[in-house]
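Each chain, written out:
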Amino acid sequence: AEEIVLGRDFMTLSQHVLSQFGTFSAEAYDLSALMGRIGLAGKTIARHLSRAGLAENVLGVTGEINVQGEAVKNMDRYANRVFLRAFEQSGLVCRLASEEMEEPYYIPENCPIGRYTLLYDPIDGSSNIDVNLAIGSIFSIRQQEGNDEAGEALDLLQSGRKQIGAGYILYGTSTMLVYSLGKGVHAFTLDPSIGEFILFQENIHIPANGSIYSVNEGNFWQWEEPMREYVRYIHRQAGNTARYSGALVADIHRILFQGGVFLYPGMVGHEDGKLRLLYESAPLAFLIEQAGGRATTGTQDILDVIPKKLHSRTPLFIGSSENVKVVESFLNP
Ligand code: P6P
């Protein structure tokens with residue numbers, strides 16, 4: 001095997017975060033430790049998933065219904081707790097907000113010295129778990145501004161432009177972590193034999209245009225007419241390919257590397273669509289904009305939306321800048 005040059009060919013996630021800052025500042029060490037904890041959560045979840053069908057509480061449901069009105073899968077509850085455990089005794093994060101928790105989780109002992117707020121979707125695409133298809137975790141890192149429990153709105157109900165970092169973990173044929181701290185988008189593969197996420201691509205740029213469109217066409221007759229017109233236009237145009245996995249992270253990962261557009265529009269009776277702003281659309285919009293792409297609600301950049309509630313939804317159109325522009329031309333004729 002060819003010689004590995006330490007520091008060039010072998011860059012762990014924590015090392016890479018430090019290298020992003022060029023100085024060994026307190027902030028650099030904080031964010032390196034924080035990303036290391038996210039990596040720990042990802043490794044723990046990946047290991048549990050690898051035991052599907054063999055260990056308890058991987059497949060199947062808990063019998064509860066979450067704040068979204070959806071059946072709670074065993075993995076949803078397990079993964080949510082893994083993130084919470086990863087940040088207790090960390091001194092880094094005062095408050096965590098998750099798709100699986102109605103209210104934010106507040107860690108008082110971290111708050112006076114805490115500096116960050118973490119929002120996350122612990123398992124995105126959980127309908128894929130029981131059929132062994134790709135799923136993900138999505139995370140968004142914000143500066144902590146409120147230094148007590150009441151500071152919730154300060155820390156959470158803010159525009160996506162205030163995110164200081166975001167990314168996802170994709171539990172697929174391999175486990176990958178993709179993140180940005182506002183200095184480009186970088187991708188890592190988990191090497192389970194050493195338990196480290198190793199850098200495999202830096203400064204990823206999304207193609208300006210792509211032939212993939214990713215949308216659940218089963219909702220066709222629930223869409224507004226402009227959205228139907230767009231999909232009819234795509235059907236008539238030669239060379240387009242439909243890819244839709246049921247897991248947002250997997251569909252976005254494909255589009256990040258190959259170009260194209262993911263669409264989750266509003267529907268009659270559900271004008272805001274299904275996806276959550278703060279821990280699904282906003283972190284992915286941060287990442288895709290860092291990679292040179294676009295993300296919009298159809299009328300506004302996702303990153304400019306200021307939510308009224310923690311679990312606010314918005315429509316999402318995200319991907320290659322030219323593809324998103326065509327979508328907007330149909331939605332705002
Ligand atoms: P639909 C999974 O439940 C999820 O939140 C995303 O991961 C995924 O893109 C979307 O919902 C799938 O929703 O309505 O097409 O099944």
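Just so it is clear, the model here is predicted, and its values are computed rather than measured. (Residues numbered from 1 in each chain as written. Predicted model: local features only at pLDDT ≥ 70, side-chain atom pairs only at ≥ 80, totals over all residues. Heavy atoms only, no water.)

As for the pairing of strand β15 (residues 316–319)
Alternating positions in β15 separate into two faces, L316 and I318 on one and F317 and G319 on the other, with burial throughout. In terms of strand pairing, strand β13 (residues 261–264) meets β15 through 4 bridges, oriented antiparallel. When the bridges of β15 are listed, L263 appears paired with F317. Bridge count for strand β14 (residues 294–296) against β15 is 3 bridges, and the pairing is antiparallel. (Buried < 20%, exposed > 50% of the residue type's maximum accessible area, 1.4 Å probe, protein only. Helix = DSSP H or I, 4+ residues; strand = E, 2+ residues; numbered from the N terminus. Pairing = 2+ DSSP bridges.)

Describing the UniProt feature "binding site: Mg(2+) 2" (unreviewed entry) in the protein chain
Per the UniProt record, the feature "binding site: Mg(2+) 2" (unreviewed entry) sits at D121, D124 and E280. The largest pairwise C-alpha distance within this set of annotated residues, which runs over 160 residues, is 8.4 Å, so the set is compact in three dimensions. For D124, the location among the structural elements is in strand β5 (residues 116–124). Not counting the four nearest positions on each side in its chain, D124 is found in contact with I135, G136, I138, A247, L248, V249 and E280. Polar side-chain contacts of D124 include one of 3.1 Å to the backbone nitrogen of L248. Checked against the element boundaries, E280 lands in helix α7 (residues 277–290). With relative accessibility at 4%, the residue E280 sits in the buried group. When near neighbours in sequence (up to four residues on either side) are disregarded, E280 contacts E99, D121, D124, I138, L248 and L275. (UniProt positions renumbered as here; feature names shortened; annotations may be inferred. Contact = heavy atoms within 4.5 Å. Polar contact = N/O pair within 3.5 Å; in protein donor to acceptor, adjacent residues only side chain to side chain.)

Details of the sheet that holds β13
Overall, mixed pairing links the 5 strands, which are arranged β12-β11-β13-β15-β14 in an open sheet. Edge positions in the sheet fall to β12 (241–242) and β14, since each of these pairs with one other strand and no more. Looking at chain direction, strand β11 (residues 212–214) and β12 are connected through 2 bridges and run parallel. Within β12, the residue paired with Y213 across the bridge is A242. On top of the sheet, helix α5 (residues 225–236) reaches β11, β13 and β15; it is set at about 145° to β13, its chief contact. Seen against the sheet, helix α8 (residues 321–331) touches β13, β14 and β15 and runs at an angle of roughly 150° to β15. (Axes fitted to C-alpha atoms, helices over the stretch in contact; angles between N-to-C directions.)

Quick word on the site of the ligand
Around the ligand, the neighbouring residues are D124, G125, N216, Y244, G246, A247, L248, F262, Y264, K274, L275 and E280. Here an oxygen atom of the ligand and a side-chain polar atom of Y264 are 2.6 Å apart. Here K274 contributes a side-chain N or O atom positioned 3.0 Å from an oxygen atom of the ligand. Burial of the ligand by the surrounding chains reaches 80%, relative to a free accessible area of 400 Å². For the shell around the ligand, the per-class residue count stands at 6 nonpolar, 3 polar and 3 charged. (Near = heavy atom within 4 Å. Areas by Shrake-Rupley, 256 points an atom, 1.4 Å probe, with all protein chains shown as cover. Nonpolar A, V, L, I, M, F, W, Y, C, P; charged D, E, K, R; others polar.)

What about the UniProt feature "binding site: substrate" (unreviewed entry) in the protein chain?
In this numbering, the UniProt entry assigns the feature "binding site: substrate" (unreviewed entry) to D124, G125, S126, S127, N216, Y244 and K274. One can find Y244 in the loop between β12 and α6 (248–258). Setting aside anything within four residues of it in sequence, one finds Y244 in contact with S214, V215, N216, D251, F262 and Y264. As for its position among the elements, K274 is in the loop between β13 and α7. Not counting chain neighbours up to four residues away, the residues in contact with K274 comprise E70, Y264 and R313.

With respect to the environment of Y168
Mapping Y168 onto the fold places it in strand β7 (residues 163–171). Residue Y168 is classed as buried on the basis of its relative accessible area, which comes to 0%. For the pair Y168 and F139, spaced 29 residues apart in sequence, the C-alpha separation works out to 6.0 Å. With near-sequence residues (within four places) excluded, Y168 lies in contact with S137, I138, F139, M176, L177, V178, V249, H253, L256, L284 and L287. Polar side-chain contacts of Y168 include one of 2.6 Å to the side chain of H253.

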